[in-house]
Amino acid sequence: MKKYIVLLISSFIIAGISNAKNYSITPTPHKISVVVKGSFTGKITDTKTGFAITGASIYITDIKSGTSSDNAGNFILRNVPEGNHLIEVSHIGYTTLVENVMISGDTKKDFALSESVVENNAVIVTGVTGATQLKKVPFAVAVMRKQDFFQNTSSNIIESLTKIGGVSTLATGPAISKPVIRGLGYNRVLTINDGVRQEGQQWGDEHGIEVDEASVNKIELLKGPASIIYGSDAMAGVVNIITNVPVQNNTIKANISSNFQTNNKLRTLNANIGGNKNGFNWNIYSSNKAAADYKNKYDGNVYNSKFKEQNVGGYAGYNGNWGYSHLLVSNFNLKAGLIEGERDIDGYFIKPVAGGGETRATNADFKSTTPQIPYQHIRHFKIATDNSIKINSNRLAFNIGFQQNQREEFGNIDDLNERALYFDLKTLTYTAQFHFAEKKGWKTSVGINGMQQNNTNKGVEQLIPDYSLFDVGTYVYTQKVIKKTTLSAGVRYDSRNLDTKNLLDAGSIKAAAFTKSFSNFSGSIGLASQVTEKLNLKFNAARGFRAPSIPELASNGAHEGTIRYEYGDVNLKSETSLQLDGGLDYNAEHLSFGITAFLNNFNNFIFYNKVEAAAGGDSLVNVNGDLLTAFKFSQRKASLAGFEATVDIHPHPLDWLHIQNTFSLVSGKLKEAIEGSKSLPFIPAPKLVTEFRGDFKSLNAVIKNFYTKIELDNTFTQNNIFTAYNTETKTSGYTLLNAGIGADFFNKKEKQLFSLNFSAINITDVAYQNHLSRLKYAAENAATGRNGVFNMGRNFSIKLNIPLSFTL
């Protein structure tokens, strides 16, 4: 580990030293000063009124540099490299404005913003090789910002993403959620955090995303294959989490925030502070989270759904007129109970006791925030460099990251320190992109990325073998602007080599070692056309590739967190897919409408299903006296199809009112039936979310950015299930009533004092089970006859954020 960290720090230092020639050092009798070349200034106003807009954000994504407008609407951004830059200007309640501006010396340009709350013109970096206007990418990308997360209530950051059409979560209690995009999850969804591929045993049901939600500034979610830029594992899409956003020059900014939720007594305390002095910028954050057992009206308190989380991280670096170089460090630490759902004959949750036997869980157990046996402990350490260097009119961007993910599962009540499973995963990732200067409307980039990965088992049992993996891919991606149409295309080649050791069980070989190699080509071509000022059309065709994950190939053991026994198949082949998707967006003053549809055909689609016993029924495996249901991984041709549609009505003269409806549907089918069933397993149910929202920029001099909303979350019955070997069961539909209210509070000097948010989820206390909840398949409640454990009941939340700002 030390050699990796030395390598990363060295690359960070070299990136800075290699660009020292870009500075102009002017000595004086008393000091040495850095001469800053190039500034960008202007004023932000309201289109209708002409009044200045205070606190508008002006940001240049490619150089990670930004500022905000003052009380007079004026802004200044120093140390901007000369060249053509995509400028993003945004403010709460206004349509984001995006323009290309040529910066040469000291450049001045004013901007006027129009009122709106529909995000349709953001700048994104996901799925493309540089900052690109959202309207000009040929695939579906949704953007959520820090403000959106503050106004939503959830127990983790991934749950908040379900507000996006086509996005669901596979959950194992409130602490663990995994993103599912258009019916696909696990290793088919790639998570990127500040440019670094997140690697943390993401193949498991109860393995969440090891990112501190309080540190997140923005998430870009791409729906559809993104193998061109990211390689294998990005077949369903990408969740790009952006935390590293430097504050404006010569300022220090801090935030203290807290959240309390009534259902499971969740309490969080978060703090961060960042500064920027003449280009030298940094940030430090820390967060603490603890929750007791959640409850619902059918199960009461759900034993061992508690968790504790403690995170710390930050970055330091320099932004100059040559580019930027940052060093990022984070440490994620989570202890989460594993819910088994075992109850006695009277329906009370039970827990194991030392020496054998079991007893009922007590009120003290339910109120405690310390997970009990069985539980998992996840530690994820990451250090990475993120660099962008201007080379004449071209740009070189590169990063190197080291991650260590330690995942321990404890399950022995007689030996509390015994680790049933202990995965120690170390990953070195690398990415380099060379962006050629734009020429005659062509923007072209070439790149290489990949990883070196090693996993070691340190627990009593082994579910997967020790292994080493090397992955490399290279690609070329180009964009061409022809009037109001943007054409995009790319091609990529990937190679992955896997070397596993013997899978052991108490020293005996349970499965033999093997080596595997996978390689394939990926490609995409698409267009985005702004037909009129109000209408935008998109179409994209993409070929994706995914190598089988290590558990799909080699698992053979009990998986405590999923209550099952897993069998892999070493003969599995690579998945390949061809997806076609298209959409349109219409945005007028009082109506916004968008629809995207897709068809995704798979060769060698990998899925798991129950194993049938020789005498019929489920195959059961005896593991230390517990009978676990056996599952195996299989492979077939399959297809998924569906669409997402959004309608936002903001009627005149009630311009403050927005009525938004978002509907999503996905269907998954096998080409050939298995035991009479053609439906793919674990496809999310159709969903319709209707929100009535009122937005008021200013109620008075003290209360601004006030909002109130009522939401109906309708999830329909899922009858299209994979019935072979009783793998999956139907799930009833349900409707949740949610509400929220909040505002920013200012003093007489127009300085923000704090933000306050109140929200309520599941106000009518509906007892329901999400179709993708793993707890749905927990043990039957003998007292009621109901299967599994139900989701969280009524929950009220209060959030407080106190911003602090100082000028240097």
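To start, this report covers the structure provided alongside it. These numbers come from a predicted model, not from an experiment. (Residues numbered from 1 in each chain as written. Predicted model: local features only at pLDDT ≥ 70, side-chain atom pairs only at ≥ 80, totals over all residues. Heavy atoms only, no water.)

Topic: the overall build of the chain
The condition is simple: Segments assigned H or I by DSSP are reported as helices when at least four residues long, segments assigned E as strands when at least two residues long, and all are numbered from the N terminus. Computation of the radius of gyration draws on C-alpha atoms alone. For the globule rule, the value is 2.2 Å times the number of residues to the power 0.38. The buried label goes to any residue with under 20% of its type's maximum accessible area, the exposed label to any with over 50%, and the partly exposed label to all in between, with areas taken from a 1.4 Å probe on protein chains only. Every residue pair with non-hydrogen atoms within 4.5 Å of one another is taken to be in contact. In these tables, accessible area is a Shrake-Rupley quantity obtained with a 1.4 Å probe, and a residue counts as shielded only by the protein chains included in the view. In this charge count, Lys and Arg are treated as positive and Asp and Glu as negative; neither His nor the chain ends contribute. Where a charge lies is defined by one atom per residue type, namely NZ (Lys), CZ (Arg), CG (Asp) and CD (Glu).
Counting secondary structure elements, the chain contains six helices and 51 strands. Relative to the 2.2 N^0.38 estimate, which gives 28 Å for 808 residues, the radius of gyration of the chain is 26 Å and therefore close to what a compact globule would have. Referenced to the eigenvectors of the C-alpha coordinate spread, the extents of the chain come out at roughly 85 × 55 × 55 Å. Across the 808 residues in the chain, those meeting the buried criterion constitute 56%. Restricting the contact set of the chain to residue pairs at least 6 apart, pairs at least 24 apart contribute 66%. Surface accessibility of the chain: about 32,800 Å² in total, with carbon and sulfur atoms responsible for 56%. Seen as two clouds, the 82 positive and the 70 negative side-chain charges of the chain have centres 7 Å apart.

Focus: the sheet that holds strand β7 (residues 83–90)
Strand pairing within a sheet occurs via backbone hydrogen bonds; the two strands may be parallel or antiparallel. Rules: Pairing between two strands requires that DSSP report at least two bridges joining them. Convention adopted: a line fitted to C-alpha atoms gives each axis, helices being fitted over their contacting stretch, and angles between N-to-C directions are expressed from 0 to 180 degrees.
Strand order in the open sheet made by the four strands is β5-β4-β7-β8, with antiparallel pairing throughout. Strand pairing shows two members of the sheet lacking a second neighbour, β5 (65–68) and β8 (97–103), which therefore form its edges. Averaged over all neighbouring strand pairs, the angle between strand axes comes to 25 degrees, with direction disregarded. Relative to β8, β7 runs antiparallel, the two sharing seven bridges. Paired with Glu88 across the strands is Val98, a residue of β8.

Things to note about unusual backbone geometry
Across the junction of Ile373 and Pro374, the peptide omega takes the value -5 degrees, indicating a cis bond. When you line up the elements, Pro374 lands in the loop between α5 (363–367) and β29 (375–391). The residue after His652, namely Pro653, is reached through a cis peptide bond having omega 10 degrees. In this structure, Arg182 takes a positive phi of about 50 degrees despite not being glycine. The exposure class of Arg182 is buried, given its relative accessible area of 5%. Phi angles above zero are rare outside glycine, and Asn304 is one such case at about 70 degrees. Along the chain, the position of Asn304 falls in the loop between β24 (300–301) and β25 (307–320). Relative accessible area serves as the criterion here: at 1%, Asn304 is assigned to the buried category.

Describing the packing of aromatic side chains
Cut-off, in case you're wondering: Aromatic rings from Phe, Tyr and Trp, taking only the six-membered ring of Trp, are treated as a pair when their centres fall within 6.5 Å; an angle between ring planes under 30 degrees marks them as stacked, one over 60 as edge-to-face, and anything in between as tilted. Lysine NZ or arginine CZ positioned within 6 Å of the ring centre and within 35 degrees of the ring normal marks a charge as sitting over the ring.
Within the structure shown, the criterion is met by 23 aromatic pairs. With a centroid separation of 4.8 Å and an interplanar angle of 15 degrees, the aromatic rings of Tyr375 and Phe410 are classed as stacked. Here Tyr375 is found in strand β29, whereas its partner Phe410 is found in strand β30 (residues 394–410), with 35 residues between them in sequence. With relative accessibility at 6%, the residue Phe410 sits in the buried group. In this arrangement the basic side chain of Arg774 is found over the ring face of Phe682, its NZ or CZ atom lying 4.8 Å from the centre. For the cation-ring pair, Arg786 lies above Tyr298, with the distance from its terminal atom to the ring centre recorded as 3.6 Å.

Considering the nonpolar core
What counts is decided by this rule: Among the buried residues, those of types Ala, Val, Leu, Ile, Met, Phe, Trp, Tyr and Cys that are joined through side-chain atoms within 4.5 Å form a nonpolar core.
Leu161, Ile219, Val239, Phe605 and Leu640 are the most contacted members of the largest nonpolar core, which totals 33 residues. Take this core: its biggest share by element is four residues, from strand β42 (residues 591–610). Core analysis: the next-biggest nonpolar cluster, separate from the first, contains 26 residues, Trp203, Met451, Leu463 and Phe518 among them.

Description of the side chain of Ser154
The criterion, for reference: We call two N or O atoms a polar contact when they sit within 3.5 Å, provided that within protein one can donate a hydrogen and the other can accept it, with sequence-adjacent residues counted only if both atoms are side-chain atoms.
Inspection of the secondary structure assignment puts Ser154 in the loop between α2 (146–151) and α3 (157–160). The buried category is assigned to Ser154, whose relative accessible area is 13%. Only 2.9 Å separates the side chain of Ser154 from the backbone oxygen of Asn156, close enough to count as a polar contact. In this structure Ser154 touches Glu159, Ser160 and Gln261, once residues within four positions along its chain are discounted.

Quick notes on the pattern of salt bridges
Rule in force here: Any Lys or Arg side-chain nitrogen located within 4 Å of an Asp or Glu carboxyl oxygen qualifies as a salt bridge.
What the rule picks out here adds up to 31 salt bridges. One salt bridge in this structure joins Arg395 and Asp62, with 3.4 Å as the shortest N-O distance. On the criterion of sequence distance, the pair formed by Arg395 in strand β30 and Asp62 in the loop between β4 (57–60) and β5 is long-range, its members being 333 residues apart. The exposure class assigned to Asp62 is partly exposed, which follows from its relative accessible area of 23%. The salt bridge partner of Arg496 is Asp471, with a shortest N-O separation of 2.8 Å. Here the residue Arg496 occupies a position in strand β34 (residues 485–500), and Asp471 occupies one in strand β33 (residues 467–482), the gap between them amounting to 25 residues. As far as burial versus exposure is concerned, Arg496 and Asp471 are alike and both buried.

Here's the deal with the sheet that holds strand β16 (residues 189–193)
Spatial ordering of the open sheet is given by β13-β18-β19-β16-β17, a layout of five strands whose pairing is mixed. Either end of the sheet is taken by a strand with one partner, and the two such strands are β13 (140–145) and β17 (196–197).

A short note on the pairing of strand β48 (residues 703–715)
Where strand β47 (residues 687–698) meets β48, eleven bridges bridge the pair, whose relative direction is antiparallel. Residue pairing in the sheet places Gly694 in a bridge with Thr708 of β48. The antiparallel pairing of β47 with β48 creates a hairpin that spans four residues between the two strands. Pairing between β48 and strand β49 (residues 734–746): eleven bridges, direction antiparallel. Following the sheet pairing, Asn714 is matched in β49 by Thr735.

Function-wise, these values are silent; they only describe arrangement.
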